[in-house]
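Overview (structure and organization)
The residues making up each chain are set out below.
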Amino acid sequence: MAQKTAKKIRNQPSNAKQATPNPNLWPNLPHQLIGMLAREPNLMQNITSFGGVIKTWRSASRQCYSNDSKARLPQLVEITGKKCTEHLNSGRSHTIEISFHEEYPYEYWHWYYREKSYKKWYPGIYFKGHSHGELVVMGGNTPDLYLWEPARQCCRNLPAWDPNLAFKRCTLSSSPGDRNGCNILVLTGNCSPAFAVLRLGKGENAWTIEDCTVKEPYAPRQNMQFTNAIGFQGKFYALSLQGTLAVIEDTDSRFRITAIGGSRAVPSKVSRQFREYLVESCGEILLVFLISRKSIDHVEDAEVFRLDIPKLSWVKVENLGDRTLFLEDECCMGVTASKVGCKKNCIYFSHHRVYGQWWIFNMESGSISPPSQTNAKIQESVMWNEPIWDLQ
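This one's a predicted model, so the numbers in the text were calculated from it and none came from an experiment.

**Things to note about the confidence of the model for the chain**
Predicted confidence across the chain gives a mean pLDDT of 79, with 74% of residues reaching 70 or more. Taken together, the stretch residues 2–21 has pLDDT below 50 and engages in 61 contacts with residues farther than four places along the chain or on a different chain. Scored below 50 in pLDDT, residues 82–91 makes 23 contacts in the model with residues more than four places away or belonging to other chains.

**Points about the pairing of strand E14 (residues 183–187)**
Burial runs high along E14: five of the five residues are buried. Judged by which residues are buried, E14 turns out to be covered on both faces: Asn183, Leu185 and Leu187 on one side and Ile184 and Val186 on the other are all buried. Examined bridge by bridge, strand E13 (residues 169–172) and E14 share four bridges and lie antiparallel to one another. Note on E14: the bridge partner recorded for Thr171 is Leu185. Judged from the five bridges that link them, E14 and strand E15 (residues 195–199) form a sheet pairing that is antiparallel. Looking at E15, one finds that Asn183 is bridged to Arg199.

**Comments concerning the environment of Gly231**
One can find Gly231 in strand E17 (residues 226–232). Separated by 61 residues in the primary sequence, Gly231 and Cys170 have C-alpha atoms spaced 9.3 Å apart. Not counting residues within four places of it along the chain, the set of residues in contact with Gly231 comprises His132, Thr171, Leu172, Ser173, Phe236 and Glu280.

**Side note on the nonpolar core**
Trp26, Leu29 and Phe127 are the most contacted members of the largest nonpolar core, which totals 32 residues. Those elements that provide at least two residues to this core are helix H1 (31–39), strand E10 (134–138), strand E11 (145–149), strand E26 (331–336), helix H3 (337–340), strand E27 (346–350) and strand E28 (358–362). For this core, the element with the most residues is H1, which contributes five residues.

**Side note on the sheet that holds strand E3 (residues 47–49)**
Taken in spatial order, the six strands make up an open sheet running E3-E26-E25-E27-E28-E29, and their pairing is mixed. Because the sheet does not close on itself, it has two edges, and the strands there are E3 and strand E29 (368–369). Relative to E27, strand E25 (residues 323–328) is paired through four bridges, and the arrangement is parallel. By the bridge assignment for E27, Leu327 is matched with Phe349.

**Quick look at unusual backbone geometry**
Phi is mostly negative for residues that are not glycine, and the peptide bonds are mostly trans. Of note, the bond from Trp26 into Pro27 is cis; its omega dihedral lies within 30 degrees of zero at 0 degrees. Its place among the elements puts Pro27 in the loop between strand E2 (24–26) and H1. Geometrically, the link from Ser192 to Pro193 is a cis peptide bond, its omega value of -10 degrees lying close to zero. Within the secondary structure, Pro193 is located in the loop between E14 and E15. Phi is positive for Asp252, which is not a glycine, with a value near 55 degrees. Locating Asp252 in the fold gives a position in the loop between strand E19 (245–251) and strand E20 (254–260). Note on Asp252: relative accessible area 70%, which makes it exposed. Of note, Leu312 is a non-glycine position whose phi angle comes to about 50 degrees, a positive value.

**Looking at the sheet that holds strand E9 (residues 126–131)**
Across the sheet, which stays open at both edges, the four strands sit in the order E9-E10-E11-E12 with antiparallel pairing between neighbours. The open sheet has two edge strands, E9 and strand E12 (154–158), and neither has a second partner. Each adjacent strand pair in this sheet contributes to an overall mean axis angle of 25 degrees, direction not counted.

**Quick look at the pattern of salt bridges**
Taken as a whole and judged by the stated rule, the model has nine salt bridges. With a closest N to O distance of 3.4 Å, Glu303 and Lys316 form a salt bridge. Linking Glu303 in strand E23 (residues 301–308) with Lys316 in strand E24 (residues 313–317), this pair joins segments that are 13 residues apart in sequence. Looking at Glu303, the relative accessible area reads 2%, which means it is buried. Residue Lys316 is classed as partly exposed on the basis of its relative accessible area of 34%.

The rules behind each value
- Residues numbered from 1 in each chain as written.
- Predicted model: local features only at pLDDT ≥ 70, side-chain atom pairs only at ≥ 80, totals over all residues.
- Heavy atoms only, no water.
- pLDDT = per-residue confidence, 0-100.
- Contact = heavy atoms within 4.5 Å.
- Buried < 20%, exposed > 50% of the residue type's maximum accessible area, 1.4 Å probe, protein only.
- Helix = DSSP H or I, 4+ residues; strand = E, 2+ residues; numbered from the N terminus.
- Pairing = 2+ DSSP bridges.
- Core = buried A, V, L, I, M, F, W, Y, C linked by side-chain atoms within 4.5 Å.
- Axes fitted to C-alpha atoms, helices over the stretch in contact; angles between N-to-C directions.
- Salt bridge = Lys/Arg side-chain N within 4 Å of Asp/Glu carboxyl O.

The following block contains the structure:
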């Protein structure tokens, strides 16, 4: 169903720029969590998403209507204006904020060994995705790509990326140590080419570029364009711009769309716009919507759905139990609340991209607690039941 392109089809170029003197810190999580990551690097596996997709509604024109009732539904468009994308598009370089303890030395910039005694330095790097404890990193020179495991400070070269191809987001199908092999998926946000895949476990030295010729069920006469994806148990689960779920996997030495979900991934309530996050939590794929009904500048509701993998359908989750989700524009993480010390059955999210300020959506009450604008101690007490680590 996915067709390999005979020649490269050019799209908008990657947005990598020269590094600025003030790099972004990653991960942008509460300091309590960063302290835990420093002491327990295995928690990096809980970070399974790199940012969210912001979508809004647009009614389909009458000329576009067809006999298919699905195609008559309102259309979705992605918000990609400067204010929404400048934090995602590598306009600034990044540094790691985690000071790994003891055997995990702290490094601002990533590096790799060519020989045991040789260390190469890379200033000005851009984080393009995080999955299964690994960061996909773009170098200061746009074509340069690396796979970096921050906890062990080890890095490997990836085949160069064509700077004329869009690079929207990427994810890994599984851990690089998986004996069944690991693949890396890069979404372009277009339908031609739709995505690129690298068979990391088989030592391939080139990206396989694929078109998507599958029609979008919720848009007339359009092929699917993928805007979000997550790797899970060796497969890729991708969401199209219109909310169609597609399973992408390696079959007969080709990466193909092998199945299409039957339900549309959109909020159940009316909204002006929403933020969409794919997160792995406790062996499940969760889809989280932060919903803005009245104003695009405020999140007024949240909804969580679990993917029923055999049926490829989304089931609404009313209660997270002892789980808590942290959603941020460049980092998403699921934790067990009782082990971390934060409030359970909640969704923590950053708002207006102001570093250090977090809002809390309580799944039980459906209410949102705002951050304290004036007193950091008050905000900490609202966010955390009992901070586990002393970060002083």
